[in-house]
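Listed below are the residues making up each chain.
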Amino acid sequence: MRISYNKLWKLLIDKGMKKKDLKLAASLSTVSIAKLGKNEPVTLDVLMRICVALNCNIGDIIEFVKD
């Protein structure tokens, strides 16, 4: 199984936000944004900050996809 952040990108589009807006709103590093863009694992802290910034639950931004 692999991680997919497609739900996050769709949510950003719905909210009219760009990656740089998310970076500022959630106080994320450039490295974290890059990992998200490559569907690589990030820490739970990063996911929590995103959820707080976007006022959503973790299931709204991440999903596991079978290979």
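Above: the structure in question.
Criteria and thresholds
- Residues numbered from 1 in each chain as written.
- Predicted model: local features only at pLDDT ≥ 70, side-chain atom pairs only at ≥ 80, totals over all residues.
- Heavy atoms only, no water.
- Core = buried A, V, L, I, M, F, W, Y, C linked by side-chain atoms within 4.5 Å.
- Buried < 20%, exposed > 50% of the residue type's maximum accessible area, 1.4 Å probe, protein only.
- Helix = DSSP H or I, 4+ residues; strand = E, 2+ residues; numbered from the N terminus.
- Contact = heavy atoms within 4.5 Å.
- Polar contact = N/O pair within 3.5 Å; in protein donor to acceptor, adjacent residues only side chain to side chain.
- Arc of directions from axis to C-beta.
- Salt bridge = Lys/Arg side-chain N within 4 Å of Asp/Glu carboxyl O.

Let us now look at the nonpolar core. If you look at the biggest cluster of nonpolar residues, it comprises 20 residues, and the most contacted ones within it are Y5, L8, L22, L36, I50 and I61. Counting only elements with at least two residues in this core, the list comes to α1 (6–14), α3 (30–37) and α4 (44–54). With 5 residues, the top contributor of residues to this core is α4. With near-sequence residues (within four places) excluded, Y5 lies in contact with K35, L36, N39, E40, P41, V42, L47, I61 and I62.

Our next topic: the side chain of S4. With respect to the element layout, S4 can be found in strand β1 (residues 2–4). Taking the relative accessible area as the measure of exposure, S4 reaches 2% and is therefore buried. A polar contact is formed between the side chain of S4 and the side chain of N6, at a distance of 3.2 Å. Filtering out sequence-adjacent residues up to four positions away, S4 remains in contact with N39, I61, I62, E63 and V65.

So, about α4. Among the residues of α4, those classed as buried are V46, L47, I50, C51 and L54. Looking straight down α4, one finds that the buried residues subtend no more than 135° of arc, so they occupy a single side. Residues of α4 that are exposed and point more than 90 degrees away from the buried face comprise L44 and V52. As for α4, its buried residues are in contact with α1, α2 (19–25) and α3.

Let's shift gears to the pattern of salt bridges. Enumeration according to the criterion identifies 2 salt bridges in this entry. Residues D67 and R2 are paired through a salt bridge, measuring 3.9 Å at the closest nitrogen-oxygen approach. With D67 in the segment after β2 (63–65) and R2 in strand β1, this residue pair connects regions lying 65 residues apart in the sequence. In this structure D67 comes out as exposed when scored by relative accessible area, which is 75%. Accessibility expressed as a relative area gives 41% for R2, which makes it partly exposed. Here D45 makes a salt bridge to R49, at a shortest N to O gap of 3.0 Å. Of the two residues, D45 and R49 both sit in helix α4, 4 residues apart, roughly one turn of that helix. In this structure D45 comes out as partly exposed when scored by relative accessible area, which is 41%.

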